[in-house]
Amino acid sequence: MSGEPGLTSVAPPPGEIEPGSGVRIVVEYCEPCGFEATYLELASAVKEQYPGIEIESRLGGTGAFEIEINGQLVFSKLENGGFPYEKDLIEAIRRASNGEPLEKITNSRPPCVIL
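Residues numbered from 1 in each chain as written. Predicted model: local features only at pLDDT ≥ 70, side-chain atom pairs only at ≥ 80, totals over all residues. Heavy atoms only, no water.

*Asks:* Before we go on, may I ask you to explain the overall build of the protein chain in this structure?
*Replies:* When you go through the protein chain residue by residue, the secondary structure sums to 3 helices and 5 strands. Along the protein chain, from the amino end to the carboxyl end, the secondary structure elements read β-β-α-β-β-β-α-α. Looking at the 115 residues of the protein chain, the share that counts as buried comes to 39%. (Helix = DSSP H or I, 4+ residues; strand = E, 2+ residues; numbered from the N terminus. Buried < 20%, exposed > 50% of the residue type's maximum accessible area, 1.4 Å probe, protein only.)

*Asks:* Looking at this structure, I do not really get the environment of Ile90. What am I missing?
*Replies:* Along the polypeptide, Ile90 turns up in helix H3 (residues 86-97). Separated by 43 residues in the primary sequence, Ile90 and Lys47 place their C-alpha atoms 10.0 Å from one another. Excluding residues within four positions of it along the chain, Ile90 makes contact with Ala45, Val46, Gln49 and Tyr50. (Contact = heavy atoms within 4.5 Å.)

*Asks:* How should I be thinking about the packing of aromatic side chains in this particular structure?
*Replies:* Geometry of an aromatic ring pair is reported as the spacing of the ring centres plus the angle between the planes. Counted by the stated rule, this structure contains 4 aromatic pairs. Between Phe35 and Phe83, the ring centres sit 5.0 Å apart and the planes meet at 90 degrees, which makes this aromatic pair edge-to-face. In this pair, Phe35 is assigned in the loop between strand S2 (24-29) and helix H1 (36-49) and Phe83 in the loop between helix H2 (77-80) and H3, connecting sequence segments 48 residues apart. Residue Phe35 is classed as buried on the basis of its relative accessible area, which comes to 10%. (Phe/Tyr/Trp six-rings, centres within 6.5 Å; stacked < 30°, edge-to-face > 60°.)

*Asks:* Help me understand the state of the cysteines, please; the structure alone is not making it clear to me.
*Replies:* Note on terminology: a disulfide is the covalent bond linking the sulfur atoms of two cysteines. Evaluated as defined, the whole model comprises 1 disulfide. With a sulfur-sulfur separation of 2.2 Å, Cys30 is cross-linked through a disulfide to Cys33. With the S-S dihedral at roughly 70 degrees, the linkage between Cys30 and Cys33 falls on the right-handed side. The buried category is assigned to Cys30, whose relative accessible area is 2%. (Disulfide = S-S within 2.5 Å.)

Everything listed is a geometric property; what it means functionally is a separate question.
And the structure:
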């Protein structure tokens with residue numbers, strides 16, 4: 001671990017390259033909105049699939065849940081109104097780790113609504 005707040009990284013065993021190595025994700029989210037749990041759930045699912053990935057969290061503005069992969073915005077809750085599906089983010093990471101072009105994730109699951 002690098003010691004930076006919000007940064008999660010595990011070194012691979014010597015001589016072994018872990019899936020997701022070289023891919024960096026930054027998730028900016030609104031903490032007062034209660035989005036930290038969503039970030040932690042998503043980060044856990046990503047690390048399970050790609051143990052070598054670098055994930056950084058940043059506190060964002062009201063309603064924000066923005067995801068960048070290698071500096072490119074791939075998901076915006078401010079634009080889509082919901083949260084990304086894990087499978088869509090995993091696919092975007094796969095593309096990034098293979099050097100393929102990234103596309104913006106436009107599918108989103110709605111935020112929780114209390115009736």
